[in-house]
Amino acid sequence: STPTWMENGTLRGLALPGLQHHELRFSQQRIRVQNTSDLWATFDQFMRDHPEDPQTYTYSGEVLLWVGRYADAEVLFRKALNGSFITIWTWIGLGAALGYQGRYQEALQAFADGVRESDFEGPTVFVYRGEFLRKLGMLDQASRDLTIAVQQKPNRLSGWINRVLVDHALGEPKPAQILCA
């Protein structure tokens, strides 16, 4: 927590140096209520104010993914990877940006690199990787990843959609019938 004190009847707080994670995350969440161009101006300002902070590029890249600007997102994720602070989210974002540009093998490699670098493999990796494996026709591998994804994060709709598409491609219509009932 931030240290606070009273000064002349006013509560003061210690100013934390640099850009804080919560500022980026809160700004991302504003996509629900703010038009994209105004929201993007905030992220543009973050990147101008903190050009050496890789987090700014990762969070900004995620926003671009959400609005379908995949090539622009790829540029930002690669810029983040040039920094010293790297999270699995940077790798996941890069993989998603590559995959949604139809570059599935590169996306799978980005996910593999990210898992190796961060030593973490969670539901978001399984969802994206499962989707791209499905699109490559690697249905057994896609089925494995998507099964894990929906078990770990059952409220993620894209995991279920891709799971049902794999089942359908494998000739198993029952899951689609259950979900559509």
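Preceding block: the structure.
Residues numbered from 1 in each chain as written. Predicted model: local features only at pLDDT ≥ 70, side-chain atom pairs only at ≥ 80, totals over all residues. Heavy atoms only, no water.

Ranked by internal contacts, the top residues of the largest apolar core, which has 34 residues, are Trp40, Phe43, Leu65, Phe111 and Tyr128. Elements with a contribution of two residues or more to this core: α2 (36-49), α3 (54-66), α4 (70-81), α5 (88-99), α6 (104-118), α7 (123-135) and α8 (139-152). Of the residues forming this core, the biggest block, seven residues, is contributed by α5. (Core = buried A, V, L, I, M, F, W, Y, C linked by side-chain atoms within 4.5 Å. Buried < 20%, exposed > 50% of the residue type's maximum accessible area, 1.4 Å probe, protein only. Helix = DSSP H or I, 4+ residues; strand = E, 2+ residues; numbered from the N terminus.)

Turning our eyes to something else, we now look at the packing of α6 against α7. Remark: α6 packs on α7, axes separated minimally by 10 Å, with the N-to-C direction vectors making an angle of 155°. As the angle between them shows, α6 and α7 are arranged roughly antiparallel. Here α6 and α7 pass one another in a crossing that is left-handed. Together, Tyr104, Ala107, Leu108, Phe111 and Val115 of α6 and Val125, Tyr128, Arg129, Phe132, Leu133 and Lys135 of α7 make up the contact between the two elements. (Axes fitted to C-alpha atoms, helices over the stretch in contact; angles between N-to-C directions. Parallel < 35°, antiparallel > 145°, perpendicular 65-115°, else oblique. Left-handed = near helix turned anticlockwise from the far one by under 90°. Contact = heavy atoms within 4.5 Å.)

With that settled, the discussion passes to the pattern of salt bridges. All told, the structure shown has 12 salt bridges when counted by the stated rule. One salt bridge in this structure joins Asp72 and Arg69, with 3.0 Å as the shortest N-O distance. Look at Asp72 and you get partly exposed, because its relative accessible area is 37%. Close ionic contact of Glu74 with Arg103 constitutes a salt bridge, the shortest N to O distance being 2.8 Å. Of this pair, Glu74 sits in helix α4 while Arg103 sits in the loop between α5 and α6, and the two are 29 residues apart along the sequence. The exposure class assigned to Glu74 is buried, which follows from its relative accessible area of 11%. (Salt bridge = Lys/Arg side-chain N within 4 Å of Asp/Glu carboxyl O.)

Further remarks concern the packing of aromatic side chains. Tallying each qualifying case throughout the model produces nine aromatic pairs. Centre to centre, the rings of Phe43 and Phe46 are 5.6 Å apart; their planes meet at 80°, and the pair counts as edge-to-face. In this pair, Phe43 and Phe46 are both assigned in helix α2, three residues apart and thus about one turn of the helix distant. Assessed through its relative accessible area of 0%, Phe43 is described here as buried. On the basis of an interplanar angle of 75° and a centroid distance of 5.9 Å, the ring pair of Tyr100 and Tyr128 is categorised as edge-to-face. A residue pair is termed long-range when its members are at least 10 positions apart, and Tyr100 in the loop between α5 and α6 and Tyr128 in helix α7 qualify at 28 residues. The buried category is assigned to Tyr128, whose relative accessible area is 13%. Each residue in the set Tyr70, Tyr100, Tyr104, Phe111, Tyr128 and Phe132 is aromatic and connected to the rest through ring pairs, giving one cluster. The ring centre of Trp40 lies 5.6 Å from the NZ or CZ of Arg69, which sits over that ring. (Phe/Tyr/Trp six-rings, centres within 6.5 Å; stacked < 30°, edge-to-face > 60°. Lys NZ or Arg CZ within 6 Å of the ring centre and 35° of its normal.)

Another aspect to go through is the environment of Thr56. Mapped onto the elements, Thr56 comes out in helix α3. With 13 residues separating them along the chain, Thr56 and Phe43 place their C-alpha atoms 7.5 Å apart. A polar atom in the side chain of Thr56 sits 2.7 Å from the backbone oxygen of Asp53. (Polar contact = N/O pair within 3.5 Å; in protein donor to acceptor, adjacent residues only side chain to side chain.)

Purely geometric stuff here, so don't read any function into it on its own.
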